[in-house]
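Structural description and commentary
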Protein chains: 2
Amino acid sequence: MLWSGWGDPGRAAPLPEPVVALLRDLLGVRPAGAPPLALADVEVPEPRLAADDLTALARIVGDGHVRADAESRVRHTRGKSTTDLLRIRAGETSDAPDAVVLPGTHDEVLAVLRACAGRRIAVVPFGGGTSVVGGLAPSGVGAFVALDLRRMDAVVSVDEVSRTAVLQPGLLAPAAEAALTERGYTLGHFPQSYEWASIGGFAAARSSGQASAGYGRFDDMVVALTVATPEGTLELGRAPKSAAGPDLRQLVLGSEGAFGVITSVTVRICPVPEAKAYEGWRFASFGEGAAAVRRLAQDGPLPAVLRLSDETETMVGLADPSAIERLAAAGCLAVLGFEGAAERVAERRALAADVLRAAGGEPLGAGPGEKWERGRFDAPYLRDSLLDAGAFAETLETAAFWTDVPALYDAVRGALTGALSGEGTPPLVMCHISHVYPSGASLYFTVVSAQGEDPVGHWARAKRAACEAIVDAGGTISHHHGVGTDHRDWYAREIGPLGAAVLRAVKDRVDPSGILNPGVLIPGLASPPNTEE
Amino acid sequence: MLWSGWGDPGRAAPLPEPVVALLRDLLGVRPAGAPPLALADVEVPEPRLAADDLTALARIVGDGHVRADAESRVRHTRGKSTTDLLRIRAGETSDAPDAVVLPGTHDEVLAVLRACAGRRIAVVPFGGGTSVVGGLAPSGVGAFVALDLRRMDAVVSVDEVSRTAVLQPGLLAPAAEAALTERGYTLGHFPQSYEWASIGGFAAARSSGQASAGYGRFDDMVVALTVATPEGTLELGRAPKSAAGPDLRQLVLGSEGAFGVITSVTVRICPVPEAKAYEGWRFASFGEGAAAVRRLAQDGPLPAVLRLSDETETMVGLADPSAIERLAAAGCLAVLGFEGAAERVAERRALAADVLRAAGGEPLGAGPGEKWERGRFDAPYLRDSLLDAGAFAETLETAAFWTDVPALYDAVRGALTGALSGEGTPPLVMCHISHVYPSGASLYFTVVSAQGEDPVGHWARAKRAACEAIVDAGGTISHHHGVGTDHRDWYAREIGPLGAAVLRAVKDRVDPSGILNPGVLIPGLASPPNTEE
């Protein structure tokens, strides 16, 4: 993973000249000033851990598994939001961890948490490092370690009768998928971060993949969990569903490392689909297209993948930068992907076509669907290229009930456009419906603008405006990115003071020293553990 | 609702003579001794509430809505487990509430909770009163009121775009269904308690209906909730799914009144199905049938209803007492119900038939399916008849991952047979798979035996043996009945000491006086609020 951007550095390509010209003409994008620093030139703050602390941790995980060198610390600094990238490219490492600890077992995680609780060292669980909401950036905290779970990367077992697999948290998604595919199974979980994200992170942050309509969200897939906390272990999940009290799995899912470290995840698995068919449909407007995908979500047949771009996103053809000049009014593109037994795929595709035609859709054939599928993991690379070219690019997302979706769409677009125009960097705001349910859908916004003088500041204000708009319009502050530190204040409004108090009560019980991911997720906690030191 | 049994007294019929003879010959059932008391002859304990308490409560809910008469108290004593019925039939009213309070609004519920917290009066939320796990029988508590929600019985709104409805908690299921059907919708939620159970109870106890394969469990249907607690209100759910932290809805669902009183439930609704087709299939053995229904659960097509009786239950033909003598080896009966658009029903039925035939199934046509559908809510009436005839009849249920299902089945059957035989009342133990998932299934056991000398004591010991067997075999202590007081000790083992501690932390935060349903659900709480008085 590129320390200052996304993924494999070899895969990011400079933007084609026509795109650069368009960005300049349309958004006033100017070439970036100084190029990013080289990794070797990035300085990290003086570490705040005593030698004794490091020795104690090394006694638990083994000598080679506590790292305090600058490169390890830089590589575990924050996540992959655009703000994270802009800051790290500028050499800003104020919230670098003081050390990186790599446990190998559940018991080692438990022991590290106990040692850190005793020593008042904060702990930030670190899987793929792909958070885009500040989930790896503890706030206002003193000494902390990144607890990198990469050594816990096994497929522990596969149960072909129950169709479940026990996975360790540090396993990256492609490795999980490869191991399952060998046995004829798939997780079916393909978020945009797929190539670099971890199983534990998917669970901790309630990831949702591009094929969620077919395979479910990650939180739907999890049937059992093991969690290490400073106060002991939670083992949850004896059946797919239960009436034995509240579903405590659902208290751990989405807990973003603030309640404990997920050390084992049992997920349901599906047979590798025999056939896949991806296709595009055109609708005259986003509203017409939304009504059509709602029909599929409510009455079926539901494809595995179902997405609908708004007019702007359709025009820009985000997945293919070379198409950015195709500015003719293209209506709205929907992408459908069917997966399963060949006969079922054909049947469901025909049934869906009837529904979409009746709703005003025009079939565009396999081309747009297959193009989307080829580029499905490329957008973060494109962001790197845009940053290099002096543009700012970021995404945010929400979800709501269908009735609230149109007003939510207008409110967020309006907020982003208004705020960034006010900053002197008027944006292009694109949106797509990325996940659908019978009762609602998620909206995923992409913003591109010139970087301007202070892109981090511009975005902070625009993002704040968008978050206000989301909460005011009745949406949830995140459908699949999570809360982190970035969304915490709006999350507090979403769940109300008593909801926040409940989370604090749980936190106090499992993490009384408050060492776990301080400042992440939980609204209104008192100051983190070691700020007085 | 019959105070000493189930439902409409007019619908319970004496058992036919051949059945009585069979029960006598097979299980040693002898006519019951004394008939149940008349309601007017049932005495209740001296009320423990002061006049001032009743006045304060009446000031909140209005004069006619606080009831302390004997009949109201008897009608709110415990629930509808067989033990509950045996005790109330004998005039045993030791845990009758001291009064019944009927709030009309969310704000009245809030005010009642605050008043009761201040006065250390425990509160037992009461919907349909159909708990079979001691959910309405607080343990070791002093003065308490039943908070009967029957006045909060409105369909507040129906959103045809989002396909959701906002329902009040005291609404009974048939009234909800009637109101929705008028507009072309259904909840699709038909548990055996359907005719008498409430919306709030479904949510608080994670009910699962007989058509759960098609429409989901009740906890799947709930998209938003409002909860009144002594510490304020929780409003949860802004979208079908969210990555904004833990899913707090899933902390309220299954909380059985211990965290608060659910005052509003937003559920997803479905169009009334155009067609329904119920049918029976025969399998040579429970194992063969289980493999077949697992195929449908994992690879589809999944019917709306999917059940499989074991050999004993199939023989007894529980839904039709007149068939009880048909003791020829009948194999195992599966009932499938398809619902939806006529064309889809036909298609799915044909596809399912292919799967079941390949798995060794023999089609029995519509007859057994339709017979099952006709009698689907009758079993509780049959229980009343059995009790009247001197037999004991009770049910319990669990769920597990598919791999664990065979051993769980053997263990629970063995435990029940062994324990009741040891009591001198050897039972008939029947079982069916009642709900299926891709990764597992629930097992629903029905036990019939002679009442013997002390049926309450016999059953307490047999139930304890069954609960031990469930937990030891890796099952959950309840798939859809809930925890109540009856399952609390095994629930503690299921979630472990840290899980229990988390629940206590939540409880302490929302109900610091511990007035809400004391003794229900939460393991290991200190003594309830007013026991020292």
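Quick notes on the rules
Residues numbered from 1 in each chain as written. Chains lettered and ligands numbered in written order. Predicted model: local features only at pLDDT ≥ 70, side-chain atom pairs only at ≥ 80, totals over all residues. Heavy atoms only, no water. Helix = DSSP H or I, 4+ residues; strand = E, 2+ residues; numbered from the N terminus. Rg over C-alpha atoms; globule rule 2.2 N^0.38 Å. Buried < 20%, exposed > 50% of the residue type's maximum accessible area, 1.4 Å probe, protein only. Contact = heavy atoms within 4.5 Å. Areas by Shrake-Rupley, 256 points an atom, 1.4 Å probe, with all protein chains shown as cover. Lys, Arg positive; Asp, Glu negative; His and termini not counted. Charge placed at Lys NZ, Arg CZ, Asp CG, Glu CD. Buried area = accessible area lost by both parts, 1.4 Å probe. Salt bridge = Lys/Arg side-chain N within 4 Å of Asp/Glu carboxyl O. Nonpolar A, V, L, I, M, F, W, Y, C, P; charged D, E, K, R; others polar. Pairing = 2+ DSSP bridges. Axes fitted to C-alpha atoms, helices over the stretch in contact; angles between N-to-C directions. Least-squares fit on C-alpha atoms with pLDDT ≥ 70 in both. Polar contact = N/O pair within 3.5 Å; in protein donor to acceptor, adjacent residues only side chain to side chain. Phe/Tyr/Trp six-rings, centres within 6.5 Å; stacked < 30°, edge-to-face > 60°. Parallel < 35°, antiparallel > 145°, perpendicular 65-115°, else oblique. Left-handed = near helix turned anticlockwise from the far one by under 90°. pLDDT = per-residue confidence, 0-100.

Remarks on the overall build of chain A
Counting its regular elements, chain A contains 18 helices and 18 strands. Taken over C-alpha atoms, the radius of gyration comes to 23 Å for chain A, in line with the 24 Å a tight globule of 533 residues would show. Projected onto the principal axes, the alpha-carbon positions of chain A cover approximately 70 × 60 × 45 Å. The burial tally for chain A puts 62% of its 533 residues in the buried class. Considering only residue pairs separated by 6 or more positions, chain A has 75% of its internal contacts joining residues 24 or more positions apart. For chain A, the computed accessible surface area is about 17,900 Å², with 53% contributed by carbon and sulfur atoms. Charge centroids of chain A, computed over 48 positive and 65 negative side chains, lie 3 Å from each other.

Let's talk about the interface of chain A and chain B
With 79 residues of chain A in contact, the opposing surface of chain B contributes 79 residues. For the pair chain A and chain B, the summed buried area comes to about 5,800 Å², and 63% of that belongs to carbon and sulfur atoms. Where chain A touches chain B, the interface holds four salt bridges. When residues in the side of chain A that touches chain B are grouped by element, the largest group, twelve residues, is from helix 18 (residues 488–510) of chain A. The residue inventory of the side of chain A that touches chain B, partitioned by class, reads 36 nonpolar, 24 polar and 19 charged.

A word on the sheet that holds strand 17 (residues 428–436) of chain A
Residues and elements named next belong to chain A. If you walk across this open sheet you meet the seven strands as 15-12-14-13-17-18-16, and the pairing is antiparallel. At either end of the open sheet lies a strand with only one pairing partner, and these are strand 15 (362–365) and strand 16 (391–401). Ignoring strand direction, the axes of neighbouring strands in this sheet form an average angle of 20 degrees. Pairing analysis gives three bridges linking strand 12 (residues 275–283) to strand 15, with the strands arranged antiparallel. Counterpart to W281 in the pairing with strand 15 is P363. Sheet contacts for helix 15 (residues 379–388): strand 16 and strand 18 (440–450); angle to strand 16, the most-contacted strand, approximately 140 degrees.

Thoughts on the relation of the copies chain A and chain B
Between the two copies, chain A and chain B, the superposition gives an RMSD of 0.0 Å; the rotation angle is 180 degrees and the shift along the axis is 0.0 Å. Both copies are brought into coincidence by an operation consistent with a two-fold rotation axis. Using C-alpha coordinates, one finds that chain A approaches the rotation axis most closely at A:A505, a distance of 2.9 Å. Mapped onto chain B, 100% of the interface residues of chain A again fall at the interface, so both copies present the same surface.

Here's the deal with the side chain of A:R73
Residues and elements named next belong to chain A. As for its placement among the helices and strands, R73 is situated in helix 3 (residues 70–75). In this structure, R73 is buried with no salt-bridge partner, the nearest side chain bearing the opposite charge being D98 at 4.1 Å. A polar atom in the side chain of R73 sits 2.6 Å from the backbone oxygen of P97. In contact with R73, not counting residues within four places along its chain, are V44, P45, E46, P47, A68, A96, P97, D98 and V100.

A look at the pattern of salt bridges
All names here are of chain A. The final tally for this structure, using the stated rule, is 68 salt bridges over all chains. Across the salt bridge formed by D52 and R119, the nearest N and O atoms sit 2.8 Å from each other. Within this pair, whereas D52 is found in helix 2 (residues 51–61), its partner R119 is found in helix 5 (residues 106–119), the two being separated by 67 residues in sequence. The class for D52 is partly exposed, based on a relative accessible area of 47%.

Re the packing of aromatic side chains
Aromatic ring pairs are described here by two measures, namely the spacing of the ring centres and the angle between the planes. In the structure shown here, the tally under the stated rule is 14 aromatic pairs over all chains. Relative to A:Y409, the ring of A:F286 has its centre 4.7 Å away and its plane inclined at 40 degrees; by these criteria the two rings are tilted. Note that A:F286 is positioned in helix 11 (residues 286–299) and A:Y409 in helix 16 (residues 405–422), a separation of 123 residues in sequence. On the basis of relative accessible area, A:F286 is assigned to the buried category, the value being 7%. The exposure class assigned to A:Y409 is buried, which follows from its relative accessible area of 9%. Pairing B:F202 with B:F218 gives two aromatic rings, centres 5.3 Å apart and planes at 55 degrees, and the pair type is tilted. With B:F202 in helix 7 (residues 199–204) and B:F218 in helix 9 (residues 218–221), this pair connects stretches of sequence that are 16 residues apart. We note that B:F202, like B:F218, is buried. Aromatic rings pair up to connect A:F190, A:Y194 and A:F377 into one cluster.

Quick look at unusual backbone geometry
For the bond running from A:G300 to A:P301, omega is -5 degrees, close enough to zero to count as cis. The topology assignment puts A:P301 in the loop between helix 11 and strand 13 (305–309). Phi at B:R78 is positive, roughly 55 degrees, even though this residue is not glycine. With respect to the helices and strands, B:R78 occurs in the loop between helix 3 (70–75) and helix 4 (82–89). At B:R163, a position not held by glycine, the phi torsion is positive, near 55 degrees. Mapped onto the secondary structure, B:R163 falls in the loop between strand 5 (155–159) and strand 6 (164–167).

Notes on the sheet that holds strand 1 (residues 66–67) of chain B
Residues and elements named next belong to chain B. The mixed open sheet is built from four strands, whose spatial order is 1-2-4-3. On the outer flanks of this sheet lie strand 1 and strand 3 (122–126), each paired with one strand and no other. One ladder, built from five bridges, connects strand 3 with strand 4 (residues 144–148); its direction is parallel. Its bridge partner being in strand 4, F126 is matched across the sheet by D148. Across the sheet, helix 5 (residues 106–119) is in contact with strand 2 (99–101), strand 3 and strand 4; its angle to strand 4 comes to roughly 175 degrees.

Here's the deal with the packing of helix 16 (residues 405–422) of chain B against helix 17 (residues 455–472) of chain B
All names here are of chain B. Direction vectors running N to C along helix 16 and helix 17 enclose 155 degrees, while the axes themselves pass 8 Å from each other. In terms of axis orientation, helix 16 runs roughly antiparallel to helix 17. Judged by the sense of rotation from one axis to the other, the crossing of helix 16 with helix 17 is right-handed. Where helix 16 abuts helix 17, its residues L408, A411, V412, A415, L416, A419 and L420 lie against H458, W459, R461, A462, A465, A466, A469 and I470. When its residues are assigned to classes, the contact of helix 16 with helix 17 shows 13 nonpolar, one polar and one charged.

Here we look at the confidence of the model for chain A
Residue and element names in this part refer to chain A. Residues of chain A with pLDDT of at least 70 account for 96%, and the chain-wide mean is 94. The low-confidence segment residues 324–328, where pLDDT is below 50, has ten contacts with residues more than four positions distant or belonging to other chains. Counted against residues more than four places away or in other chains, residues 528–533, with its pLDDT under 50, gives 20 contacts.

Overview of the pairing of strand 17 of chain A
Residues and elements named next belong to chain A. Counting buried positions along strand 17 gives nine out of nine residues, so the element sits mostly inside the fold. With eight bridges joining them, strand 17 and strand 18 adopt antiparallel strand pairing. By the bridge assignment for strand 18, L428 is matched with V448. Counted along the chain from strand 17 to the antiparallel partner strand 18, the turn is three residues long.

Some thoughts on the side chain of B:S449
Here B:S449 shows up in strand 18 (residues 440–450). Leave out the neighbours within four places in its chain, and B:S449 touches B:L27, B:V29, B:A391, B:F392, B:T425, B:P426 and B:P427.

Some remarks on helix 4 (residues 82–89) of chain A
Residues and elements named next belong to chain A. Counting buried positions over the eight residues of helix 4 gives seven, a clear majority of the element. All buried positions along helix 4 are accounted for by T82, T83, D84, L85, L86, I88 and R89. Positive phi shows up at G91, right after helix 4, with a value of about 80 degrees.

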